[in-house]
Amino acid sequence: MIIDWFTVLAQLLNFAILVWLMKRFLYQPILNAIDARESRIAATLADADARQAKADKERERFKASNAELEAQRTALMAKASEEAAAERARLLEEARQAADAMRDQRQRALRTEAERLNQTLRRQTQDEVFAMTRQALCDMADEGLEARLVAVFLKRFDEMDEDTEQRFGAALESAPDKGASSVRVRSAFPLPDAQRAAIREALTRRFPAAFTLEALATGSLLGFKVAPEVISGIELSVNGQQLTWSLEGYLEAQQEAVAALFKDRVTPDAAS
Amino acid sequence: MRLSPDEIIFWQFGMLKLNATILYTWGLMLVLVIGAWLITRRLSSGHQRSRWQNLLEIIVTGIMGQIRDVGLDQPRHYIGFIGTLFLFVAAASLATILPGYEPPTGSLSTTVALALTVFVAVPFFGIAEQGLGGYLRSYTQPTVVMLPFNIISELSRTLALAVRLFGNMMSGTLIIAILLSITPFLFPIIMNLLGLLTGMVQAYIFSILATVYIAAATRTRKPEPKVAAPADDQPPPE
C-alpha cells in the first residue's frame, strides 16, 4: 500500500497549520507593508498634486497681480505725463502772458515817454511861439497903439450885452465901499489923459447911477494902474467883475485851443 | 527499492508513527515559517527596505499576479491557500539539493493530502463566493445530463493532481538513486538539476491548477463561460 492514511491525515493537518502560519507570518505582514507603502506613496503624490495646484494658483495670482500693477503703473505714467503736459502748457501760457504784459507795459511806457517828450516839446514850442508873439507885440506897443486899443475897448464896452451890464451893475451896487477906488482900469502902458477922460465918459454914460464925471475925476473912485502882463490891452474890473480886451486874451484862448487839440490827440493814442 | 519516504519509520506506536515524510514536512514548515518570521518581524513601509523583504514582496506579489491572471479578482482571499501550496511544493523540490533529503512530495500520502485540500477548497471557495445553490447548480452545467460527468471530473482531477505530483517527485529521486548506482559522479548532478527544474514546474502546475479549479467554481455564473471551460476538461497533460 503506497498510501499511508495516517500520514495523509498528518500531512493534511501539517498543511493546514502551515497555511495558517504562512498567513500569519508571511502574507499578512508583507501585504500590509505593501499597502502601507502604496497608501504612503498615494498620499505623497496627492500632497505633491495639492502643492502643485497650490503653486499653480499662486503663480496665477502672482501673474494677475503683476499685470494689475503693470496696468496701474501705465495708467499712472499716462496720467503723470498728461499732467506734466498740462502743467507745461499752463506755464508756457503764463510765461507768454507775462511776456506779453511786460511787452505791453514797456510799449506803453515807451509810448507814454514819447508822448511826454512830444508834449514837452510842443509846450516848449508853443511857449516859445507865444513868448515871441508876446514879445513882438510888446515891442510894437506904443501910445498910438494904446490909443487905438482904448478906442476898441470903449467900443466893446459900449456894445456890452445886457447880461454883462447887469452883472456890472450888481457888482457896483454891492461894492462894499463906493468911495474907495472900487473900479480899476489896468493897462500895459500909462494911459494919457485923453484916453482916461474917454473911459470916464464911457463909464458915466453907461452907469449914470453909479458914476458922475466929477466923482470919477477925483480919482478916488476910479483907479488907473499900469500892468505889463496885460499885453497890448486894457482891463476894467469892478468888485471882481472884469471886462477885458487885450492881445493876451487872444493868445491865451489860442493857447488853450492848442492844448485842447494836443490833449485830444494824446488820449486816443494812450487808449489804443 | 523504496518508493516513498513513508517507509522510513523512526518511531511507531500502534497507528501513530513518525516517518521521514512527516519529519521532513516539519523541517520544511520550520524553515518556511521561521524564515518568514525573521524577515517580516522588521518590515519597512517606507521607500528603503531590506533585500530579503524585497524578495518576499516579489514572491507574494508574483503569486498574486498569477492568481489574478487566472481570473480571480480578489487574490488576497486565495493567496493563503494557493500561495502556501506553491511555496510548500517548491520548497520541497528545492531542498532536494541537500544530501540525504527526501522530498515529502515524493510520498503519495502527501500528494493525496494536498489534492484532498484542493478537493475541499474548491467547493469551499465556490460556496463562499456564490452560495450553496449556485455552487451545486454549477454541476448541472451546461445540462443536467452532464451532472455525473462533472462529479467524475471532480474526483478524477483530484486523483490526477495527487498522482502527477507524486510521480514526478518520486521519479526524480528514484532516477537519481538508480543513476547513482550506475554512474556515481557527474551524471546524477545533471539529473539533480533537471529534478530541480521539474520540481519548480510541478509546484507551478499544482498551484495554478488549483487556482483554475477554484476560479471555475467561483465564476460559473459569470457571463463569460470561457473561463469555466477547464472545469469540465480533463486535467491538461504535463
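Residues numbered from 1 in each chain as written. Chains lettered and ligands numbered in written order. Predicted model: local features only at pLDDT ≥ 70, side-chain atom pairs only at ≥ 80, totals over all residues. Heavy atoms only, no water.

An unreviewed UniProt entry annotates chain B as ATP synthase subunit a of Onishia taeanensis. What the UniProt record of chain B gives under Sequence similarities (unreviewed entry) is the line "Belongs to the ATPase A chain family." In its Function (unreviewed entry) section, the UniProt record describing chain B reads: "Key component of the proton channel; it plays a direct role in the translocation of protons across the membrane." (UniProt positions renumbered as here; feature names shortened; annotations may be inferred.)

You'll find chain A entered in an unreviewed UniProt entry as ATP synthase subunit b, with Onishia taeanensis given as the organism. Word for word, the UniProt comment on chain A under Sequence similarities (unreviewed entry) is "Belongs to the ATPase B chain family."

Chemist: In this structure, what is going on with the UniProt feature "transmembrane region" (unreviewed entry) in chain A? I would like to understand it.
Modeler: Residues annotated by UniProt as "transmembrane region" (unreviewed entry) correspond here to residues 6-22 of chain A. For residues 6-22 of chain A, the end-to-end C-alpha separation is 24 Å, with 100% helix and 0% strand making up the annotated structure. (Helix = DSSP H or I, 4+ residues; strand = E, 2+ residues; numbered from the N terminus.)

Chemist: Would you take a moment to explain the interface of chain B and chain A for this structure?
Modeler: For interface size, the figure often reported is the accessible area lost on association. Between chain B and chain A, the residue contacts involve 47 residues of the former and 31 residues of the latter. Carbon and sulfur atoms supply 76% of the area that chain B and chain A bury against each other, a total of about 3500 Å² over both sides. In this structure, A:Asp35 and B:Arg76 form a salt bridge, with 2.6 Å as the shortest nitrogen-oxygen distance. Between chain B and chain A we count 12 residue pairs in polar contact (both at pLDDT 80 or more) in total. The element contributing the most residues to the side of chain B that touches chain A is helix 1 (residues 20-40) of chain B, with 10 residues. A class-by-class count of the residues in the side of chain B that touches chain A yields 26 nonpolar, 16 polar and five charged. (Contact = heavy atoms within 4.5 Å. Buried area = accessible area lost by both parts, 1.4 Å probe. Salt bridge = Lys/Arg side-chain N within 4 Å of Asp/Glu carboxyl O. Polar contact = N/O pair within 3.5 Å; in protein donor to acceptor, adjacent residues only side chain to side chain. Nonpolar A, V, L, I, M, F, W, Y, C, P; charged D, E, K, R; others polar.)

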